[in-house]
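Reading the structure
This is what each chain is made of:
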Amino acid sequence: EGMTPPQRILFPPVDICMDWQQRQRPGAGLRNLGSTCYINVVLQCLTYTPPLTNYLLSREHSRLCFQQGFCMMCIMEAHVRKVLRSSASAIWPRAVIKDLKLIGEEFEPDTAGDAFEFLRCALKAMQRACLSGSSNLDISSQTTTIVHQIFGGLLKSRVTCLRCQAASDFYKAFLHILLDIKEASSLTAALKDFVTPKKLDGKNCFKCSRCEKKVTISKRVTVHHVPKVFAVCLERAADHTGKKISTFVEYPEYLDLLPYMSDTAGEPLLYSLYAVVVHSGDTCLDGHFFCYTKASNGLWYKMDDESVDNCGIHAVLRQQAYLLFYAR
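Counting starts from 1 at the beginning of each chain's written sequence and moves along it residue by residue. Whole-chain, interface and lining totals are the exception, using all residues; otherwise, since this is a predicted model, local features are given only for residues with pLDDT of at least 70 and side-chain atom pairs are given and counted only at 80 or more. Only hydrogens and water are set aside when side-chain values are computed; all heavy atoms of the structure are taken into account.

An unreviewed UniProt entry lists the protein under the name UBP42 hydrolase, with Campylorhamphus procurvoides given as the organism.

Here you go:
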C-alpha cells in the first residue's frame, strides 16, 4: 500500500537475519586519522548493526560484484571483516578515508565533519553500489536492495484542505529520520511532535484540486511502513550558525513505534536500542564524536576512536545523544 509494487525484488526480506549469526567479543577500535571521529562513530554503529554485518560477513555482495573501482559495499565488507577479525586493539580505516570524496563530495580527510551527514552519504553510497549493474529499475524496485530492506521505511503525508476537507496522500521512502528537539524533552515527545498535524498557509499553502485555488492546509506525516532498523538523528543545530542545542533528550532502551504509525491499531512495534552517537562540544561546528554500541555478546561498549571500553546500559542512557539506532 502507498507505492506501486516493485517489478523486481533485488534482495528478499526473508533472507535478512536480525539476530547475530556469530557471537564474539567486540572488535577493534578505529584510529583517528586527523579529524575522522565523525567517520569512526558511523562505521562502528554500522559494524554493530546485526542484519547488515551478517550480510557483509557472508561476502554475498563481493562475490557477485563486477563494479570497477569504488564500491561502498565492498569497502564495508572488507572493513567489517577487518574490525571483527583483527587481533589488534585498533585499526586504521584507510580504505574509507582514501575514497572519502566518492562517499560525499563535501568531506575532506583532514577537516572535521558531521556524523549524520556521513551516515546519510554512506547509506546512499551503499545503495548506489547495490543498484550498480541493474539498469532501468522502477522506483519501487530500487527500494528492495539490502540497504532499504534493513534501514528503509515509508512515510505518509496526508494533506487536508481546511476549506473543503479534501484529503490527498503522498508517500516517501526513508532510510533515517531527522527529529526537531527544540521543544522536546524526550525521543517519544519528539516523535509525537513529528506526527502532529501542522497548519500551512501563506508561502507554504497548497493548491486544492477541488477548490481550484491556493488554500490553507493541514499536513500530517506518519510512519506508514516501519524499517527493520530505525535510525534517528536528534537535530542539535539550533540554526545555520552552528549554535548547538545541548539539552538532554531522554531516550528509552525499548521503543514502541506503533503510536507514530498511519494505522495505530494492532500489536506494539517494539525496537531495541543498539547504538548511540554522542557529540561533545559547545557548537555543532567543532567538538568530538564518540559512540556506544552493543556487541554480538550482548554487552555494551563505549567506542571512542581507538579505545573500546565495557560499560553498562545506565551510562548509555545518560548521554547527550545525537544519533540513535534501534532494531526490531
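1. Here's the deal with the overall build of the protein
Stated formally: Strands are runs of DSSP state E lasting at least 2 residues, helices are runs of H or I lasting at least 4, and numbering of each runs from the N terminus. C-alpha atoms define the radius of gyration, and 2.2 Å times the number of residues to the power 0.38 defines the globule rule. Classification of residues uses two cut-offs on accessible area relative to the type maximum, computed with a 1.4 Å probe and protein chains only: under 20% is buried, over 50% is exposed, and between them is partly exposed.
The helix and strand inventory of the protein stands at 11 helices and 16 strands. Taken over C-alpha atoms, the radius of gyration comes to 21 Å for the protein, in line with the 20 Å a tight globule of 328 residues would show. Along the first, second and third principal axes, the C-alpha set of the protein runs to 65 × 45 × 40 Å. Out of the 328 residues belonging to the protein, those deemed buried represent 48%.

2. Things to note about helix H7 (residues 115–131)
Let me state the cut-off plainly: Residue count minus one, scaled by 1.5 Å, sets the expected span of a helix. Any pair of nitrogen or oxygen atoms within 3.5 Å is treated as a polar contact; in protein, a donor-acceptor pairing is required on top of that, and neighbouring residues in sequence qualify only through side-chain atoms on both sides.
With 17 residues, H7 should reach 24 Å at 1.5 Å per residue; the first-to-last C-alpha distance of 24 Å fits that figure. One side-chain oxygen of the residue at the start of H7 lies 3.2 Å from the amide nitrogen of Phe116, identifying that residue as Asp114. Looking one or two residues past H7, Gly133 carries a phi angle of roughly 90 degrees, positive in sign.

3. Brief notes about the nonpolar core
Operational definition: Joining through side-chain atoms within 4.5 Å is the link that ties buried Ala, Val, Leu, Ile, Met, Phe, Trp, Tyr and Cys residues into a set, and such a set is a nonpolar core. Contacts: residue pairs with any heavy atoms within 4.5 Å of one another.
The biggest cluster of nonpolar side chains holds 64 residues, and the ones touching the most others in it are Met73 and Phe118. Counting residues per element, this core draws most heavily on H7, at 11 residues. Not counting chain neighbours up to four residues away, the residues in contact with Phe118 comprise Tyr38, Ile39, Val42, Val96, Leu100, Ile103 and Phe107. In this structure, Val249, Leu257, Met261 and Ala321 belong to the second largest nonpolar core, which totals 36 residues.

4. With respect to the packing of helix H4 (residues 72–85) against H7
Where we set the bar: Here an axis means a line fitted to C-alpha atoms, over the contact stretch when the element is a helix, while the angle between two N-to-C directions is reported on a 0 to 180 degree scale. Here roughly perpendicular refers to angles of 65 to 115 degrees, roughly parallel to angles under 35, roughly antiparallel to angles over 145, and oblique to all remaining angles. Charged means Asp, Glu, Lys or Arg here, nonpolar means Ala, Val, Leu, Ile, Met, Phe, Trp, Tyr, Cys or Pro, and polar covers whatever is left, Gly included.
Interaxial distance between H4 and H7 falls to 7 Å at its minimum, and their mutual angle equals 110 degrees. Between H4 and H7, the angle is such that the two are roughly perpendicular. Taken together, the residues of H7 that come into contact with H4 (itself represented by Met72, Met73 and Met76) are Ala122, Ala125, Met126, Ala129 and Cys130. Of the residues contributing to the contact of H4 with H7, the split by class is 8 nonpolar, no polar and no charged.

5. Quick notes on the pattern of salt bridges
We count it as follows: We define a salt bridge as a contact between a side-chain nitrogen of Lys or Arg and a carboxyl oxygen of Asp or Glu at a distance within 4 Å.
Applying the stated criterion to the full structure yields 5 salt bridges. Measuring nitrogen to oxygen at the nearest pair gives 3.8 Å for the salt bridge that ties Asp169 to Lys156. In this pair, Asp169 is assigned in strand S4 (residues 167–174) and Lys156 in strand S3 (residues 153–161), connecting sequence segments 13 residues apart. Taken together, the shared-partner salt bridges in this structure form one network comprising Lys156, Arg158 and Asp169.

6. Things to note about the UniProt feature "domain: USP" (unreviewed entry) in the protein
Basically, it comes down to this: UniProt positions are given in the numbering used here, feature names are shortened, and annotations may be inferred rather than shown by experiment.
In the numbering used here, UniProt assigns the "domain: USP" (unreviewed entry) feature to residues 28–328. Within the segment residues 28–328, helix and strand shares are 29% and 29% respectively, and the terminal C-alpha atoms sit 26 Å apart.

7. Things to note about the packing of aromatic side chains
Two numbers describe a pair of aromatic rings. These are the distance of the centres and the angle of the planes. To be explicit about the condition: Each pair of aromatic rings taken from Phe, Tyr and Trp, with Trp reduced to its six-membered ring, is defined by centres within 6.5 Å and is described as stacked if the planes are under 30 degrees apart, edge-to-face if over 60, and tilted in the remaining cases. Whether a charge sits over a ring comes down to the Lys NZ or Arg CZ being within 6 Å of the ring centre and within 35 degrees of the ring normal.
Tallied over the entire structure, the rule returns 8 aromatic pairs. When the ring of Phe107 is compared with that of Phe118, the centres are 5.5 Å apart and the planes differ by 65 degrees; the resulting orientation is edge-to-face. With Phe107 in the loop between helix H6 (100–103) and H7 and Phe118 in helix H7, this residue pair connects regions lying 11 residues apart in the sequence. Residue class for Phe118 comes out buried when judged on its relative accessible area of 0%. Of the aromatic side chains, those joined through ring pairs into one cluster are Tyr38, Phe107 and Phe118. Cation over ring: Arg31 sits above Trp92, and NZ or CZ is 5.6 Å from the ring centre. Above the face of the Phe290 ring, Lys302 is positioned so that its terminal group lies 4.7 Å from the ring centre.

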